[in-house]
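# Architecture and fold: a report
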Amino acid sequence: MARFLKAKKEAIGLSPYELRFLGEQKLDFVKLRLINYSEDQLEERELASISEIKDFQSEDAVSWVNIDGLHDTGVLEELIAELQIDKLVVADVLDTHRRPKLQEYENCLYVSVKMLQFDDDEDQITSENLVLVFNNNLLISFQERVGDVFNPIRERLRKNKKRIRSSNADYLAFALLDVVIDNYLHIISRLGEKIEDLDDELIEKPSSDSLVKINTYKVEISYLRKIIKPCREMIQNLCRLDSELIDESIQVHLDELRHNIEQANEAVDNYREILSDQLNIFHTTVAYKLNDVLKMLTIFSVIFIPITFIAGVYGTNFENIPELHYKYSYFIMWGIIIITVLIMLWYFKRKKWL
Amino acid sequence: MARFLKAKKEAIGLSPYELRFLGEQKLDFVKLRLINYSEDQLEERELASISEIKDFQSEDAVSWVNIDGLHDTGVLEELIAELQIDKLVVADVLDTHRRPKLQEYENCLYVSVKMLQFDDDEDQITSENLVLVFNNNLLISFQERVGDVFNPIRERLRKNKKRIRSSNADYLAFALLDVVIDNYLHIISRLGEKIEDLDDELIEKPSSDSLVKINTYKVEISYLRKIIKPCREMIQNLCRLDSELIDESIQVHLDELRHNIEQANEAVDNYREILSDQLNIFHTTVAYKLNDVLKMLTIFSVIFIPITFIAGVYGTNFENIPELHYKYSYFIMWGIIIITVLIMLWYFKRKKWL
Amino acid sequence: MARFLKAKKEAIGLSPYELRFLGEQKLDFVKLRLINYSEDQLEERELASISEIKDFQSEDAVSWVNIDGLHDTGVLEELIAELQIDKLVVADVLDTHRRPKLQEYENCLYVSVKMLQFDDDEDQITSENLVLVFNNNLLISFQERVGDVFNPIRERLRKNKKRIRSSNADYLAFALLDVVIDNYLHIISRLGEKIEDLDDELIEKPSSDSLVKINTYKVEISYLRKIIKPCREMIQNLCRLDSELIDESIQVHLDELRHNIEQANEAVDNYREILSDQLNIFHTTVAYKLNDVLKMLTIFSVIFIPITFIAGVYGTNFENIPELHYKYSYFIMWGIIIITVLIMLWYFKRKKWL
Amino acid sequence: MARFLKAKKEAIGLSPYELRFLGEQKLDFVKLRLINYSEDQLEERELASISEIKDFQSEDAVSWVNIDGLHDTGVLEELIAELQIDKLVVADVLDTHRRPKLQEYENCLYVSVKMLQFDDDEDQITSENLVLVFNNNLLISFQERVGDVFNPIRERLRKNKKRIRSSNADYLAFALLDVVIDNYLHIISRLGEKIEDLDDELIEKPSSDSLVKINTYKVEISYLRKIIKPCREMIQNLCRLDSELIDESIQVHLDELRHNIEQANEAVDNYREILSDQLNIFHTTVAYKLNDVLKMLTIFSVIFIPITFIAGVYGTNFENIPELHYKYSYFIMWGIIIITVLIMLWYFKRKKWL
Amino acid sequence: MARFLKAKKEAIGLSPYELRFLGEQKLDFVKLRLINYSEDQLEERELASISEIKDFQSEDAVSWVNIDGLHDTGVLEELIAELQIDKLVVADVLDTHRRPKLQEYENCLYVSVKMLQFDDDEDQITSENLVLVFNNNLLISFQERVGDVFNPIRERLRKNKKRIRSSNADYLAFALLDVVIDNYLHIISRLGEKIEDLDDELIEKPSSDSLVKINTYKVEISYLRKIIKPCREMIQNLCRLDSELIDESIQVHLDELRHNIEQANEAVDNYREILSDQLNIFHTTVAYKLNDVLKMLTIFSVIFIPITFIAGVYGTNFENIPELHYKYSYFIMWGIIIITVLIMLWYFKRKKWL
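The structure presented is a predicted model; accordingly, all values stated were derived computationally and were not measured.

### Things to note about the domain arrangement of chain A
The domains assigned to chain A are domain 1 (15-285) and domain 2 (287-350). Computed from C-alpha coordinates alone, the two centres of domain 1 of chain A and domain 2 of chain A are separated by 73 Å.

Now the structure itself:
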């Protein structure tokens, strides 16, 4: 399937309320993890089924349910039944190829973004869909795979950093989005370093290898842009959103988020331009070196072709060639050859080829 | 006629109220199909004439009339007479080369989009104009040809999926547009896959065949853009529209539609950029390989041209060439030749050509 | 003078009220035609002077005065005197190199656009300025030349099509603008057809002729853009205009006009992009074919240059060349030559040049 | 100093109220000219000092003071003292490298634009800063040099054209700006003519001279853009300005100004695009001609290299070359040569190289 | 680390309230300088610790505290404690890789910009983060390094220029920002001068050195753009800001600031375009010169290859070559050679190659 847009034939004409998994299955099990916290307690647990959530929820604590693996629609139907989540929300979660979006539902906010991983050796970025659905004291995060970038947040929760433990689920949602976008910045800067390192290589010794690199980086930067542009739109909407599920004190942090995604966006645009410039410089350098190669060929050819002809003429076996019999003919020939060469050299000198 | 813009000479100066078919006739008959449905019944029928519609319409049911073939203005005049549709609406339907548009009339909404087909072997996309005219309980769809992408909707209607059967014609209109745009996404992703597959080919073995492919895909992507950009504008207008013919509950679905067309639009822009990059990479690769070819030519020429000249000189038949008579002249010549060659090789080595 | 911008030195510092003709004179006479119509009568007439208009005007009829030829400022001064037209309006009419514009005056609307003609053989588009000045029952059209695209409108007037005959001058103005813009679309589609036909030619047999065509079309498309972009702006202003000289029932038609000019604008942008792509493809194809040419030259040179050298060595006339006297030397030389050639061929095979 | 941006080191950190001349001094004196006019009288005078202005000013007349040369801050301090002009205004006048701008002060309007001169032989545009400061009956124009484009306005003033003599200083300001922008249009059209003339040259005989021209024009067009873009912004602000210093009757003329600067802006963008296209066409033409050159070289080389080798083989002096002794060998050799040549020709024919 | 975007791995998931230095440490000490001023006194001092500030602050004087070196979070914690600055503000100061931004806090304004230095020999621009935090009578400036561009401001403060000494901290903040942006303009103009100087070099003698320069300048211009674009956004926000910490009289100066950053932005865009044009011109010039080189090679080859072949034929040693024995054969051969050469020369003449 195409990496930049995935749209399965089966998705055409599906009812928006139908629960059908439209991504690629990346796990063969579903893993449910719950972190329950308030200012003075924190509890972590693996759950066997959605129904257990209710046992741990309490009025004054925030529950963070993390679901890895989305292929099992049974689990999600339970979610609808147990936690009164709109069927439309869950159907949306199942289409993992959606653009990042923000949707306000009656009793919850729906936020989806892409999480990125960067394989440093292959220079390839892969993405995974993350959906956060939250109200005041419940946040559910849906991931396609086990393993994420949220460990710093879990650490902050465990170490009782006062701000995060005493806030509602909206602060947790912000913290998760913040990590995702910080990770964008980090990946861009790692890729950017490689791109900037290309600069010297390109003028000094442009090789076909540099071309492969330029191409690889261009594709990855395009991929990043594809991810970041709609994410930026989503974050802007989030900043403008006037929902009672988002506390006023969060606004300053959301502004920070917007600043970061803006910076990511600008950096990607910068690197895209730099890569275009690099390709142009490469192309021009190659064209310039070609000139050198051909000047050399031309100088040698133009000097030797006429004198080789002269020698050829006196290699003919005609019976009557008067010149052959004069005593100094051979030396005169050499004289003519040398004069010819000198004229040519003078000519190339004047043309600044030498 | 031009594929990107079709504008017949006959269309110039036509009254906006004149019923004249301005497309290409793609059928030699007109086919009328009616689906009449409410929550608890559904009836499908082929109609012989427009006047039959009235027999089946009822207050509490929605009627979907599908008309394939637009060349017969008689049928359309009947429509005006029987169903009180504005003449301006019908005249518009007949100009199939229009941009997608949304128009609000007194008693109905007019929506036109292009439906796409993708021929996988020829890599060619063709389009057909679709017009939807609807009010609360009647939707008329106008197509140029028999055959469409609406079968999933017909199936959903028949299988009594509760949402679609209990809603008004506005939900049907949304469902039809949704299928059309899902189909865009599917076609883009099929084309996109081919484009992304080109990437490796281009650096490893750039052939004139890759060039043909790049060109073909560029034209198709431009064609898609031409279709999608005004469609996006139309969908945005639809989302902002404040009409009593569109129920409030539809808004969330229209937002989804806007998200999808936005995704289609972004994907097309991405692929356009990728193709431009690919062409640049191809061009640069070709220029780079040229350098290789010419370095080889130059090395061989520069080495052999001088030594061939030396041999030529001693092939002359002058009577008096002293060197010819020394015993070791021949071997000295070989020595000079070998030294010349070694100097040249050292020179090319130093220039990093070898 | 430059085709894309004409600005005479004499125009600098002219008072905006001065009546001086700033275009090129294209006629040596002035032709005045009057069509006077109401729902039940129509009268056509050639006028000798402006003053005659008054004789034919009546309260309940619309008068359309068409003036071909603008160089005679006397005629225009009569217009100011007889019909109470603002001097500023008439001074504007005389500067035929203006951008299309819409201006609301106290008692009339001023609309100017460019009319296009397309010379199919020369592939050249020429333009002429058209100014419409109208109030409720008088429309004056100013043209630089005899001959226009308005015959379909005159036909509709004569044949008593009910809409046009029973409406005010605003409908006539719309109808005239509609013809002008339909004509744009027609010209773009004729040029577009030629552009799309280039596509195959470019990859199969790129000739310098294709290059001339690309260049010609690019210039014409730029010219069209120059005409259409300000016209689009003007039409948008017209749609937004809140003037009592434009009846509400005209709005739906003006929207149509906006749709058409939008389509023209998009088509021109599309074709511009297609031409840029075509030039890139052409350039890359040429570079690619160069590779082929030079591979051939290199293969022949690299194979024959060394073996010609070998033959050259044994063509020297040294007295003491031992090899010459061995019985099989000649055949050994052939053997060496053949082995050299085979090695070269194997090498080129491995490099995928053959 | 850089032509596109001039920013002196001394300007850094200067107080906005400090009177220091930051331009290049272009005169070694200051010239003050006064034109005093009302509907029925006009008086022109050279002034020795600013203080004389008061002697000539009267309630019902407009005074136009023109100052050539800005290096003498003494003169400007007098201005502040005598005419109650804000120090900030005068400090601004002294920084001649500012962008065009419009500023509303308590008792005057400040407008600055660039005046252009075009040297037709050098194809170089130079600019000079013009500042207009005006209230109801006083307009001061500041120029860096003697000599301007305002003579048509002075003529209109002298010849008692009724409009200009009976209006306030705002009309004079409009008239001066109008001349400046008309002059832009004239210069663009002169440059444009040269650009359009290049078109034929480029395909028929592309020479390095055309390249020099393209480059020169590109730089000048960029320079024009740099001047015109902020000027356009300034004119737009002027049109939107709601100041009592600008009479309502001027609005229609300001709209005209906006139209003209818009036209200048569009023309510059057009010519920029045309020049880019021309460079691309030039480059592609050059690449195409290279193909021709190299096809010729390849054809000759490929035909003659093998047959020269054959001749070379039979020029060797081996004792035992059986072929040399057969009677018809020489003619057979010719046969082989001719057949080889024919095969090559047929091959090139098939490849469409001939 | 990448120069265009620096994002450390440690920054991911950090709490927004955590004080951790995320820049590169550029000093190994912290330097605190205080300037305390009012209309009639000024006091400068180096401070040992933050707590000393309180000793010098007074109601009617403005205090400017400059902090060089940000790595010591102890100093900053003191700041929070002593001066009631929000922890969020200080945490922000520590992340020196942020985009320029403006944030309004309850009791202060936070403004960050980049200060630039230009190394004229290396043609490299380096940047340092500057943060200004101010309320009515206190301004704290945070720098990463000792040494800045603020000396002109300190001079103005010392010399008792009336405006600056009698204003609040907002005027000081404006003056500091003004210096920073004037410095941008100065750096751009120094770089611009070098870019404009390239123009002649490129057409007359394009060398690989020019290519290196173009590349270097392109990177620096991109770097400037990266710095200036978000700064422009920040200044625009500052102009629109409605805060009581900014006096109304400052508005006219902020407008000036906006004008300057706008000019910087336009200049950078201009130079970027000029560099792109220069690279294109360079590339085309190189391609054009290649044509010259190859025409020369082709002319020599095409003339000498056939005549060398003729000489080669009569160098063969066949026993029976009738021509060899005719008396004038040798001269006839010369005749044929000369005629061949003349035909070739005529052919090249006709092709305009000579």
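### Let's talk about the side chain of histidine 253 of chain C
Within the secondary structure layout, histidine 253 of chain C lies in helix α8 (residues 251-313). Side-chain polar atoms of histidine 253 of chain C contact the side chain of tyrosine 17 of chain B, separated by 3.2 Å.

### Let's talk about the interface of chain A and chain B
How big an interface is tends to be stated in terms of accessible area lost as the parts join. Opposite the 68 residues of chain A that make contact, chain B presents 70 residues. Interface area for chain A against chain B, summed over the two sides, is near 6000 Å², with a carbon-plus-sulfur share of 64%. Of all residues in chain A, Leu5, Arg99 and Tyr330 of chain A give up the largest surface area on contact with chain B, accounting jointly for 12% of the area buried on that side. Viewed at the interface, chain B and chain A are joined by seven salt bridges. Between arginine 272 of chain A and aspartate 277 of chain B there is a salt bridge, and its shortest N-O distance comes to 3.5 Å. One can count 26 residue pairs in polar contact (both at pLDDT 80 or more) joining chain A with chain B. Secondary-structure elements contributing two or more residues to the side of chain A that touches chain B are α3 (87-94), β4 (101-104), α7 (208-240), α8 (251-313) and α9 (329-350) of chain A. Sorting elements by how many residues they give to the side of chain A that touches chain B places α8 of chain A first, with 17 residues.

### Side note on the packing of helix α4 (residues 151-158) of chain A against helix α6 (residues 169-204) of chain A
Residues and elements named next belong to chain A. Close contact between α4 and α6 brings their axes to 9 Å; oriented N to C, the two are set at 145°. Judged by residue contacts, Ile153, Arg156 and Leu157 of α4 engage Tyr171, Leu172, Ala175, Leu176 and Val179 from α6. Tallied by class, residues from the contact of α4 with α6 come to seven nonpolar, no polar and one charged.

### Considering the relation of the copies chain A and chain B
Between the two chain copies there is a screw-like relation: a rotation about an axis and a shift along it. Of the transformation placing chain A onto chain B, the axial shift is 0.0 Å and the rotation is 72°, giving an RMSD of 0.1 Å. On the angle and the small slide along the axis, the relation comes out as a five-fold axis. When each C-alpha of chain A is compared by its distance to the rotation axis, glycine 315 of chain A comes out closest, at 4.5 Å. Residue by residue, only 15% of the interface of chain A is reproduced at the interface of chain B, so the copies engage with different surfaces.

### A word on the arrangement of the chains
Note that chain B does not reach chain E: the shortest distance linking a C-alpha of one to a C-alpha of the other is 9 Å. Nothing in chain C touches chain E; the tightest C-alpha to C-alpha distance between them is still 9 Å.

### A look at the relation of the copies chain E and chain D
Mapping chain E onto chain D is achieved by rotating through 72° and translating by 0.0 Å along the same axis, at an RMSD of 0.1 Å. When the interface residues of chain E are mapped onto chain D, a mere 14% of them again fall at the interface, so the copies present different faces.

### Brief notes about the pairing of strand β5 (residues 109-119) of chain C
Residues and elements named next belong to chain C. Across the 11 residues that make up β5, a large majority, nine, are buried. As defined by bridge partners, strand β4 (residues 101-104) adjoins β5 across four bridges and the pair is classed as antiparallel. Bridge pairing in β5 places leucine 102 opposite valine 111. Here β4 folds back onto β5 in antiparallel fashion, the turn holding four residues. Inspection of the sheet shows β5 paired to strand β6 (residues 124-134) by 11 bridges, in the antiparallel sense.

### With respect to the confidence of the model for chain A
With 100% of its residues at a pLDDT of 70 or more, chain A has an overall mean of 90. This prediction of the complex comes with two scores: 0.92 for pTM and 0.89 for ipTM.

### Details of the sheet that holds strand β1 (residues 31-38) of chain B
Residue and element names in this part refer to chain B. The mixed open sheet is built from seven strands, whose spatial order is β2-β1-β3-β7-β6-β5-β4. Only two strands of the sheet have a single neighbouring strand rather than two, namely β2 (41-47) and β4 (101-104). When strand polarity is set aside, the average angle formed by the axes of neighbouring strands in this sheet is 20°. Sheet topology places strand β6 (residues 124-134) next to strand β7 (residues 138-143); five bridges connect them, and they run antiparallel. Opposite valine 131, over in β7, you have phenylalanine 142 as the bridge partner. Against the sheet, helix α3 (residues 87-94) touches β4, β5 (109-119), β6 and β7, its axis set at about 15° to β5. Helix α4 (residues 151-158) rests against β1, β2 and β3 (62-68) of the sheet, and its axis sits at about 35° to β1.

### Observations concerning the UniProt feature "transmembrane region" (unreviewed entry) in chain A
Residue and element names in this part refer to chain A. Those places that UniProt annotates as "transmembrane region" (unreviewed entry) correspond, in this numbering, to residues 297-316 and 328-348. Helix makes up 85% of residues 297-316 and strand 0%, and the two end C-alpha atoms of the span are 28 Å apart. Along residues 328-348 one finds 95% helix and 0% strand; the C-alpha atoms at either end are 30 Å apart.

### Description of the interface of chain E and chain D
With 70 residues of chain E in contact, the opposing surface of chain D contributes 68 residues. Taking both sides of the interface into account, the surface hidden between chain E and chain D amounts to around 6000 Å²; carbon and sulfur atoms contribute 64%. Looking at the side of chain E facing chain D, the largest losses of area belong to Tyr288, Phe309 and Phe318 of chain E, adding up to 12% of the total buried there. At the junction of chain E with chain D, the criterion picks out seven salt bridges. Across the pair lysine 218 of chain D and aspartate 277 of chain E runs a salt bridge whose closest N-O atoms are separated by 3.0 Å. Seen at the junction of chain E and chain D, the total is 26 residue pairs in polar contact (both at pLDDT 80 or more). Elements that contribute at least two residues to the side of chain E that touches chain D include exactly α4 (151-158), α6 (169-204), α8 (251-313) and α9 (329-350) of chain E. For the side of chain E that touches chain D, the element with the highest residue contribution is α8 of chain E, accounting for 35 residues. Grouping the constituent residues of the side of chain E that touches chain D by class yields 31 nonpolar, 21 polar and 18 charged.

### Overview of the sheet that holds β4 of chain C
In a beta sheet, neighbouring strands pair by backbone hydrogen bonds and run either parallel or antiparallel. Residue and element names in this part refer to chain C. Spatial ordering of the open sheet is given by β2-β1-β3-β7-β6-β5-β4, a layout of seven strands whose pairing is mixed. Two strands bound the open sheet, and with one partner strand each, they are β2 (41-47) and β4. Neighbour to neighbour, the strand axes of the sheet diverge by 20° on average, direction disregarded. Set on the sheet, helix α4 (residues 151-158) makes contact with β1 (31-38), β2 and β3 (62-68); between it and β1 the angle comes to about 35°.

Here is what the cut-offs are and how they apply
- Residues numbered from 1 in each chain as written.
- Chains lettered and ligands numbered in written order.
- Predicted model: local features only at pLDDT ≥ 70, side-chain atom pairs only at ≥ 80, totals over all residues.
- Heavy atoms only, no water.
- Domains from an automatic or database assignment.
- Helix = DSSP H or I, 4+ residues; strand = E, 2+ residues; numbered from the N terminus.
- Polar contact = N/O pair within 3.5 Å; in protein donor to acceptor, adjacent residues only side chain to side chain.
- Contact = heavy atoms within 4.5 Å.
- Buried area = accessible area lost by both parts, 1.4 Å probe.
- Salt bridge = Lys/Arg side-chain N within 4 Å of Asp/Glu carboxyl O.
- Axes fitted to C-alpha atoms, helices over the stretch in contact; angles between N-to-C directions.
- Nonpolar A, V, L, I, M, F, W, Y, C, P; charged D, E, K, R; others polar.
- Least-squares fit on C-alpha atoms with pLDDT ≥ 70 in both.
- Buried < 20%, exposed > 50% of the residue type's maximum accessible area, 1.4 Å probe, protein only.
- Pairing = 2+ DSSP bridges.
- pLDDT = per-residue confidence, 0-100.
- UniProt positions renumbered as here; feature names shortened; annotations may be inferred.

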